[in-house]
Amino acid sequence: MIEQFFLQSLLLLGTAVVVVVAFHRLHIPSPLGYLLVGLLLGSYTPGPVIEAQPIRALAEFGIVFLLFTIGLNFSMPQIHALRHQLLGLGTGQVLLTTIAVGLLAWLVGMPIAAAFVVGAVFAQSSTTIISKQLTDQGEEHSRHGRLGIAMSVFQDVTAVPFVVVIPVLAMANTEVAVLASSLGMAFAKAALAFGLVFLAGRWVMRPLFYLVAELRSTEVFTLTVLFVSLVSAWTTSSLGLSMAFGAFLAGMMLGETEFRHQVESTIRPFRDVLLGLFFIGIGMLVDPSTIPEIWHLALAGATVLLLIKTLLVALMVRIAGMDATTAWRTGWLLAVGGEFGFALLSIALDVGVIQPKIGQIVLTSVLFSMIVAPFLIRYNQVLARWCAPRPAREGKDAVPQVSIETVGHLRDHVIICGYGRIGQSVAHLLEEEQIPFVALDLDPSRVKEANIAGEGVFYGDASERTILEGIGVGTARLVVIGHADVASAHKTLHHLRTLRPDLPIMVRTRDETHVEELRAAGATEVVPETLEAGLMIAAHALVLLDVPISRVARRMREQRKGRYHLLREFFLGDSLLADTREEHNVDRLRPVVLPPDSSVVGHSLHELNLKGVAIAALVRQGQRQLMPSGETRLEAGDVVVLFGSPDDLQRAERALFG
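Calculation criteria
- Residues numbered from 1 in each chain as written.
- Predicted model: local features only at pLDDT ≥ 70, side-chain atom pairs only at ≥ 80, totals over all residues.
- Heavy atoms only, no water.
- Helix = DSSP H or I, 4+ residues; strand = E, 2+ residues; numbered from the N terminus.
- Buried < 20%, exposed > 50% of the residue type's maximum accessible area, 1.4 Å probe, protein only.
- Contact = heavy atoms within 4.5 Å.
- Expected span 1.5 Å × (residues − 1).
- Phe/Tyr/Trp six-rings, centres within 6.5 Å; stacked < 30°, edge-to-face > 60°.
- Polar contact = N/O pair within 3.5 Å; in protein donor to acceptor, adjacent residues only side chain to side chain.
- Salt bridge = Lys/Arg side-chain N within 4 Å of Asp/Glu carboxyl O.
- Pairing = 2+ DSSP bridges.
- Axes fitted to C-alpha atoms, helices over the stretch in contact; angles between N-to-C directions.
- Patch = residues over 30% accessible without salt bridge, like charges linked within 9 Å, V, L, I, M, F, W, Y side chains within 5 Å.
- Areas by Shrake-Rupley, 256 points an atom, 1.4 Å probe, with all protein chains shown as cover.
- Core = buried A, V, L, I, M, F, W, Y, C linked by side-chain atoms within 4.5 Å.
- Parallel < 35°, antiparallel > 145°, perpendicular 65-115°, else oblique.
- Left-handed = near helix turned anticlockwise from the far one by under 90°.
- Nonpolar A, V, L, I, M, F, W, Y, C, P; charged D, E, K, R; others polar.

A.B. asks: Hey, could you go over the overall build of the chain for me, with residue numbers and the actual values?
C.D. replies: The number of helices and strands found in the chain is 28 helices and 10 strands. Relative to its 658 residues, the chain shows a buried fraction of 50%. Put simply, 72% of the contacts in the chain that link residues at least 6 apart link residues at least 24 apart.

A.B. asks: Lay out helix α1 (residues 2–25) with the relevant residues and their values.
C.D. replies: If you check α1, its first and last C-alpha atoms are 35 Å apart, about what 24 residues at 1.5 Å a residue would give, namely 34 Å. Those residues of α1 that fall on the buried side of the exposure criterion are Gln8, Leu12, Thr15, Ala16, Val19, Val20 and Phe23. In this fold, the buried residues of α1 make contact with α2 (30–41), α3 (52–72) and α12 (260–285). Just beyond α1, the residue with positive phi is His27, at close to 60°.

A.B. asks: Describe in detail the packing of aromatic side chains, supporting the description with residues and values.
C.D. replies: The full count for this structure, using the stated rule, is 4 aromatic pairs. Centroid distance Phe116 to Phe162: 5.6 Å. Interplanar angle 65°. Geometry classified as edge-to-face. With Phe116 in helix α6 (residues 112–122) and Phe162 in helix α8 (residues 143–172), the pair connects residues that are 46 residues apart, well separated along the chain. With centroids separated by 5.2 Å and ring planes inclined at 80°, the aromatic side chains of Tyr210 and Phe259 adopt a geometry described as edge-to-face. Pair noted here: Tyr210 is in helix α9 (residues 176–214) and Phe259 is in the loop between α11 (243–254) and α12, with a separation of 49 residues, a long-range link. Judged by relative accessible area, Tyr210 falls into the partly exposed class, the value being 39%. In this structure Phe259 comes out as buried when scored by relative accessible area, which is 10%. An aromatic cluster is defined as three or more aromatic residues linked by ring pairs; in this entry it consists of Phe209, Tyr210, Phe221 and Phe259.

A.B. asks: Can you explain the side chain of Ser488? Please cite residues and give values.
C.D. replies: Structurally, Ser488 can be placed in helix α23 (residues 486–499). With relative accessibility at 9%, the residue Ser488 sits in the buried group.

A.B. asks: I'd like a rundown of the side chain of Ser369, residues and numbers included.
C.D. replies: On the secondary structure map, Ser369 appears in helix α16 (residues 356–378). A polar atom in the side chain of Ser369 sits 3.0 Å from the backbone nitrogen of Gly337. In contact with Ser369, other than residues within four places in its own chain, are Ala302, Leu305, Leu306, Val336 and Gly337.

A.B. asks: How would you sum up the pattern of salt bridges? Please name residues and give values.
C.D. replies: Where side chains of opposite charge bring their charged atoms close, a pairing between them can arise. Summed over the entire model, instances satisfying the criterion amount to 10 salt bridges. The salt bridge partner of Arg500 is Asp502, with a shortest N-O separation of 3.1 Å. We classify Asp502 as partly exposed; its relative accessible area is 37%. Where Glu516 meets Arg519, a salt bridge forms, and the shortest distance between an N and an O atom there is 3.3 Å. Linking Glu516 with Arg519, this pair stays in helix α24 (residues 515–520), spanning 3 residues, or about one helical turn. Looking at Glu516, the relative accessible area reads 54%, which means it is exposed. What you see here is one network of salt bridges that share partners, running through Arg385, Asp461 and Glu464.

A.B. asks: So what about the sheet that holds strand β4 (residues 478–481)? Which residues, and what values?
C.D. replies: Strand pairing in a sheet takes place through backbone hydrogen bonds and is either antiparallel or parallel in direction. If you walk across this open sheet you meet the 6 strands as β3-β2-β1-β4-β5-β6, and the pairing is parallel. Where the open sheet ends on each side, the last strands, each with one partner, are β3 (457–459) and β6 (525–528). Averaged over all pairs of adjacent strands, the angle between strand axes in this sheet comes to 20°, irrespective of strand direction. Judged from the 4 bridges that link them, strand β5 (residues 505–509) and β6 form a sheet pairing that is parallel. From the neighbouring strand, Thr509 faces β6, where its bridge partner is Pro528. Helix-sheet contacts for helix α20 (residues 421–432) involve β1 (414–417), β2 (437–441), β4 and β5, and the interaxial angle to β1 is about 160°.

A.B. asks: Lay out a nonpolar patch on the surface with the relevant residues and their values.
C.D. replies: A cluster of nonpolar side chains, namely Leu103, Leu104, Trp106, Leu107 and Ile112, defines an oily patch on the protein surface of about 530 Å² accessible area. With 4 residues, the single largest contributor to the nonpolar patch is helix α5 (residues 85–107). When you line up the elements, Leu107 lands in helix α5. With relative accessibility at 58%, the residue Leu107 sits in the exposed group.

A.B. asks: Describe the nonpolar core, naming the residues involved and giving the relevant values.
C.D. replies: Formed by 115 residues in total, the largest nonpolar core has its most connected members in Phe68, Val263, Phe278, Phe342 and Ile354. In terms of residue count, the dominant contributor to this core is α12 (11 residues). Membership of the second largest hydrophobic core comes to 25 residues, among which are Ile415, Val438, Val507 and Val526.

A.B. asks: Break down the packing of α12 against helix α15 (residues 339–351) for me, citing the residues and quoting the values.
C.D. replies: Where α12 contacts α15, the axes come no closer than 11 Å and their chain directions differ by 60°. When the axis of α12 is compared with that of α15, the two are oblique. Two packed elements cross with a definite hand, and for α12 against α15 that hand is left-handed. Where α12 abuts α15, its residues Phe278, Phe279, Ile282 and Leu285 lie against Glu339, Phe342, Ala343, Ser346 and Leu349. Here the contact of α12 with α15 is composed, by residue class, of 7 nonpolar, 1 polar and 1 charged.

Have a look at this one:
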């Protein structure tokens, strides 16, 4: 018996490792990989079979720990702070989706309890898939990305009442009086459980964790976290409620303490492994032999799921005051089904609220939606453009729009893409230097406020070529991309390099992850926000440690010169930079004016053999061109700006004069 269990465990772990690694290589979310493992090792497919009961028993702890970590991130003060926008949008989306889908299911003949479960399952979205795909696309910090992730996480919180209600539906049959009485008793027990856990959190948990922390033992801390979460789960289970509900309450209480981050770090490995087992258990429920019979119903269910959620979310976000493009992009993010829907479906199947055949249809519908989820999220902007009416997308009647009349007079101006914190800082400095600028942003309220203040800000998507042409990219001196949407920045760079190959472009990014790819896409310089913050903190720390200012400045420049192309290339005549003998040995710029008798006149830049030296710019008749094309042919009087070490520069200069 033990040997058989050991062999099954090895088979399970080996298959999971192979499949999940393959899915990671293919950039497919790992939950889909675990579902495939469950399908392969389940009783409905040929080949080796793993006993489902032990897997499902362990998988229940995965849901317990999932709710526990969600509770850690939604403490009472945080929920109170988010009560207006997020509570309204998150709760409204779940309730409206449950009602709309449940009503459709009831109209096609499902019992009211089963219809309610189908609506609740369809209301959930996959936080795992949404957050991973947005991160891969560089959109996790975008407006629609932040809102979509926040709403998907809050959906998990609103699923807690469903965890309480679904078991009650199995006992209440369809009698309204019995149902109301059972629900009332369930919520009374939930209130009692909340009170018990709340008191324990106030009077027991914090002192307990203080005592454990003083021991400085990782082992004891881990055991305490597991004990607290499972005791809370057992408390609600003994009251006839879900174990996951108790774990959620315990997480909320610990989320208010200073131990929250350490607790979350401790519980994460257990949660991830057991959640993997949960998805494997769900995969074992899939019966491929029924797909030929139910595929059309499952496909219809997936279509209903995607369309209803997209429409409802887009409508609610639009009513909340956001622009149409953001509303539709958020809607497509949240359209997909979610892992917590599987948890609700599993509970409903266990207590007999929903029939196995209907469960297969619902399960397959959610699976279909999760399979197409990466594509919907990847192309959310394209789908939003198709869905949003043109006037709404450009803010025709609501906010100032780009037109020839408004910006046609601008010359030698700066274009700022994104008028958030970074964009506004750049704009204010430009204004002080009396340098004209025009800014684009997709936040209608921000655009309105800026225009009321007399600033040249317009509603428009900088990744659209026509918008860039409308704000005078042909006569601009510089473009600053100040938002953190990497995917949008790539599109903007593509259009800018097509329209103006010589135009300097500055791009801001969160960290150094996307620096090289943005440079390759055409950015003149990329400024990582986290790098600059780290350098400033380090500089202030050195000053407080009595390090001379000149040495601090040199250290800062040394750190930057390896990362910034423009700062590496400087003329050494600045005495502030050349404060030591070592400075005279570093790479630098040197301009060389070609005489009429130079042997390289008439030759292309490709034909020059300047070893160890790069051509940073070419100045011809007063016009400066950064990084000129290799096909450019040299003329007498051209100024060739070279970059390299002093020795290499001397050799290159002799070659050019020769």
